[in-house]
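# Report on the structure
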Amino acid sequence: DVKVTQSSRYLVKRTGEKVFLECVQDMDHENMFWYRQDPGLGLRLIYFSYDVKMKEKGDIPEGYSVSREKKERFSLILESASTNQTSMYLCASSSPPSHRIDEQFFGPGTRLTVL
Amino acid sequence: GIQVEQSPPDLILQEGANSTLRCNFSDSVNNLQWFHQNPWGQLINLFYIPSGTKQNGRLSATTVATERYSLLYISSSQTTDSGVYFCAVSYTGGFKTIFGAGTRLFVKA
């Protein structure tokens, strides 16, 4: 079974802090994704990565950056946390398009509260 | 871009009842998934079903790609089926997955 893990289930940070959210997958997937989920707004893509050291902006990249130094790990960074970044953050991974099946698997999520 | 519409938005069932959830999409897609988001927020994969019919226990799904819709059937519902059901579509090679707004299901004991 594919397993996607996230470093924290719950996180509380203060405004202005630098925040790292980490995601690890164990299925050698090439694609990894970071989403945030807010009531009434659904899932929105922040960033994705299709290879090590490669990254692409999603729909709402402002205020975030990412890092992919190893294939299995994809980090989301909030350079200076703000209260409007309080949200549920979901990481996902999928097999590459060349495999024809592009099925995404999600981690358990991190509920981040910024005070 | 592709639009994904799910219906109904909310559904309340008595335990043991059956239900059908619908997902309409506005353009051709290569990939379609159904997820269940449990009360703790985790998205659980139910089906990867770009076309055809699949069954897994009390759940089954059918996608008619030519008519751009997919159906998720839940039979003999249980309280543990409660949560939000999402349909998500994408193009192979397109990287971006578009999620519907979800159907919120509550199963009463």
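Structure report, in brief. (Residues numbered from 1 in each chain as written. Chains lettered and ligands numbered in written order. Predicted model: local features only at pLDDT ≥ 70, side-chain atom pairs only at ≥ 80, totals over all residues. Heavy atoms only, no water.)

## Notes on the overall build of chain B
Counting its secondary structure elements, chain B contains zero helices and eleven strands. Reading the secondary structure of chain B in the N-to-C direction produces β-β-β-β-β-β-β-β-β-β-β. Computed over the C-alpha atoms, the radius of gyration of chain B is 13 Å, within 12% of the 13 Å expected from 2.2 N^0.38 for a compact globule of 109 residues. With respect to the principal axes defined by its C-alpha atoms, chain B has extents near 45 × 25 × 20 Å. (Helix = DSSP H or I, 4+ residues; strand = E, 2+ residues; numbered from the N terminus. Rg over C-alpha atoms; globule rule 2.2 N^0.38 Å.)

## Quick word on the pairing of strand β8 (residues 73-78) of chain A
Residues and elements named next belong to chain A. Among the six residues that make up β8, five are buried, leaving the element largely enclosed by the rest of the structure. Of the strand pairs in this sheet, strand β7 (residues 64-70) and β8 are connected by five bridges, and their pairing is antiparallel. By the bridge assignment for β8, lysine 70 is matched with arginine 73. (Buried < 20%, exposed > 50% of the residue type's maximum accessible area, 1.4 Å probe, protein only. Pairing = 2+ DSSP bridges.)

## Considerations on the environment of Gly41(B)
Looking at the element boundaries, Gly41(B) is found in the loop between β4 (31-37) and β5 (43-48). Along the primary structure Gly41(B) and Val84(B) are separated by 43 residues, whereas in three dimensions their C-alpha atoms are 9.3 Å apart. When sequence neighbours within four positions are dropped, the list of residues in contact with Gly41(B) reads Met88(A), Leu90(A), Pro108(A) and Arg111(A). (Contact = heavy atoms within 4.5 Å.)

## So, the interface of chain B and chain A
Counting from both sides, the interface comprises 19 residues of chain B and, opposite them, 23 residues of chain A. When the two sides are added together, the surface that chain B and chain A hide from each other amounts to roughly 1,800 Å², 56% of it contributed by carbon and sulfur. There are one salt bridge connecting chain B and chain A. For the salt bridge of Asp59(A) with Lys96(B), the shortest nitrogen-to-oxygen distance reads 2.5 Å. Linking chain B with chain A are eight residue pairs in polar contact (both at pLDDT 80 or more), by the criterion used here. Ranked by residues supplied to the side of chain B that touches chain A, first place goes to β4(B) with four residues. Looking at side-chain class alone, the side of chain B that touches chain A contains eight nonpolar, ten polar and one charged residues. (Buried area = accessible area lost by both parts, 1.4 Å probe. Salt bridge = Lys/Arg side-chain N within 4 Å of Asp/Glu carboxyl O. Polar contact = N/O pair within 3.5 Å; in protein donor to acceptor, adjacent residues only side chain to side chain. Nonpolar A, V, L, I, M, F, W, Y, C, P; charged D, E, K, R; others polar.)

## Things to note about the sheet that holds strand β3 (residues 19-25) of chain B
Residue and element names in this part refer to chain B. Strand order in this open sheet of five strands is β1-β3-β8-β7-β6, and the pairing throughout is antiparallel. The strands lining the two open edges of the sheet, one partner per strand, are β1 (4-7) and β6 (52-56). This sheet shows a mean twist of 15° between the axes of neighbouring strands, independent of strand direction. As paired elements, β6 and strand β7 (residues 59-64) share five bridges and run antiparallel to each other. Note on β7: the bridge partner recorded for asparagine 56 is leucine 59. (Axes fitted to C-alpha atoms, helices over the stretch in contact; angles between N-to-C directions.)

## What to know about the state of the cysteines
What the rule picks out here adds up to two disulfides over all chains. Residue Cys23(A) pairs covalently with Cys91(A) via a disulfide, S to S 1.8 Å. Residues Cys23(A) and Cys91(A) are joined by a disulfide whose S-S torsion is about -75°; by sign, that bridge is left-handed. Placement of Cys23(A) in strand β3 (residues 19-25) and of Cys91(A) in strand β9 (residues 87-94) is noted, with a sequence separation of 68 residues between them. Residue classification places Cys91(A) among the buried positions, given a relative accessible area of 0%. A sulfur-sulfur separation of 2.0 Å characterises the disulfide bridge that pairs Cys23(B) with Cys87(B). (Disulfide = S-S within 2.5 Å.)

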